[in-house]
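# Structure at a glance
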Amino acid sequence: MSAKAPARPSCSTASWVRASWWRVVPRLVDRGRRVIALDLPGHGLSPRDPELTIERAASAVVDTVRVLAPGGPVDAIGHSYGATVLAAAAEQLRPDLAVYVDAALVLAGGADRHALTAAYAQDRLLRMSPDGLRATRPFSSERDAEVEARAAARFDPATSASVSCGPDQAWEAVPGSIVIRADPSAWVTDQDARRFEQGGVEVRSVPGAAHTIWYSHFDEFTASLPEMFGGR
């Protein structure tokens, strides 16, 4: 999460791990913000939880921010799964600005726990190779790939699989929120964009970007969010 002034935190709920924001955080700090970057449960150095739900992850975010920024106003940004957690946490967190990056804020449930855990474990092995990541994501720098490979090594498949084993769920972004999506996006369709806009949410698109927009189009990503990064 991110602050508007030196004493105001800016919270980022990353899709995998806080290290994924390694280029974003210094830019926010340069704007005079204090940044709280979080490892969500089952990611990075955070605890594992094989019974995790989105609500439990959201509670962990709220509890952490309340400890690190007690009573302080925050702006918040989350990507993909992290954006969904942010949406679930928003009612308690009450950020002045919530930014959701390439996420429709819906979750398909009903997954088979064993099968999905096995699939995530296999994907984890593939993502642990920096060379393999750069081969499949040619926009990645050497450091991007190293960061993502370390994140994969610390990723717990059972924790992440758990959130998809309950019922289907959906969350609303409050009016005034911002959705930044890749264009085209496999995650936020044109129909999703219209739904957000009808609810008073501003949708901004970054043409040609990958799902991790700030990795493939860093300058365009920061320019699309002058509320946090300035400019434009």
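Before reading further, recall that the structure is shown in the block above.
Presented here is a report on the structure given in the accompanying data block. Everything quoted here is computed from the prediction, not taken from an experiment. (Residues numbered from 1 in each chain as written. Predicted model: local features only at pLDDT ≥ 70, side-chain atom pairs only at ≥ 80, totals over all residues. Heavy atoms only, no water.)

Attention now goes to the layout of surface pockets. Counted as a void, the second largest pocket has a volume near 260 Å³. Around the second largest pocket, the lining is made up of 17 residues, and of these A90, E91, P95, Y100 and V174 lie nearest the centre. Broken down by secondary-structure element, the contributors of at least two residues to the lining of the second largest pocket are helix 3 (81–93) and strand 4 (97–101). When residues of the lining of the second largest pocket are assigned to their parent elements, the largest contribution, four residues, is made by helix 3. Partitioning the lining of the second largest pocket into residue classes produces eleven nonpolar, two polar and four charged. (1 Å grid on protein atoms, 1.4 Å probe; cavity = no way out; pocket = protein on both sides within 12 Å on 5 of 7 lines; lining within 4 Å. Points joined across faces, edges and corners; volume = space filled by probe spheres on them. Helix = DSSP H or I, 4+ residues; strand = E, 2+ residues; numbered from the N terminus. Nonpolar A, V, L, I, M, F, W, Y, C, P; charged D, E, K, R; others polar.)

Below, the discussion takes up the nonpolar core. Of all hydrophobic cores here, the largest spans 35 residues; its most connected members are I54, Y81, V85, L93, Y100, L105 and F196. Secondary structure elements with two or more residues in this core: strand 2 (34–38), helix 2 (54–68), helix 3, strand 4 and helix 8 (190–198). Sorting elements by how many residues they give to this core places helix 3 first, with eight residues. Excluding its chain neighbours within four sequence positions, the residues that come into contact with F196 are A103, A104, L105, A173, V179, V188, V201 and V203. Listed in part, the 21 residues of the second largest apolar core include W21, I180, F218 and M228. (Core = buried A, V, L, I, M, F, W, Y, C linked by side-chain atoms within 4.5 Å. Buried < 20%, exposed > 50% of the residue type's maximum accessible area, 1.4 Å probe, protein only. Contact = heavy atoms within 4.5 Å.)

Take the environment of R66 next. Here R66 shows up in helix 2. On a C-alpha basis, the gap between R66 and S46 in space is 17 Å, while along the polypeptide they are 20 residues apart.

Turning to the packing of aromatic side chains, a few remarks are in order. The final tally for this structure, using the stated rule, is five aromatic pairs. Linked through ring pairs, W21, W214, Y215, F221 and F229 together constitute an aromatic cluster. The lysine or arginine in question, R127, covers the ring of F155, its NZ or CZ lying 5.3 Å from the ring centre. (Phe/Tyr/Trp six-rings, centres within 6.5 Å; stacked < 30°, edge-to-face > 60°. Lys NZ or Arg CZ within 6 Å of the ring centre and 35° of its normal.)

Attention now goes to empty space enclosed by the protein. Scanning all chains against the criterion turns up one cavity of 30 Å³ or more. Taken as a whole, the largest cavity encloses approximately 30 Å³ of empty space. Around the largest cavity, the lining residues are L133, R137, S140, D144, A145, E148 and Y215. Ranked by the residues each element gives to the lining of the largest cavity, the list is headed by helix 6 (residues 142–153), at three residues. Here the residues of the lining of the largest cavity are counted per class, giving three nonpolar, one polar and three charged.

Between helix 2 and helix 3, the least distance of the axes is 8 Å, while the angle of their chain directions is 65 degrees. Note that helix 2 runs across helix 3; the crossing there is right-handed. Residues I54, A57, A58, V61, V62, V65 and R66 of helix 2 form the contact with helix 3, whose own contacting residues are Y81, T84, V85, A88, A89, Q92 and L93. Here the contact of helix 2 with helix 3 is built from residues that sort into eleven nonpolar, two polar and one charged. (Axes fitted to C-alpha atoms, helices over the stretch in contact; angles between N-to-C directions. Left-handed = near helix turned anticlockwise from the far one by under 90°.)

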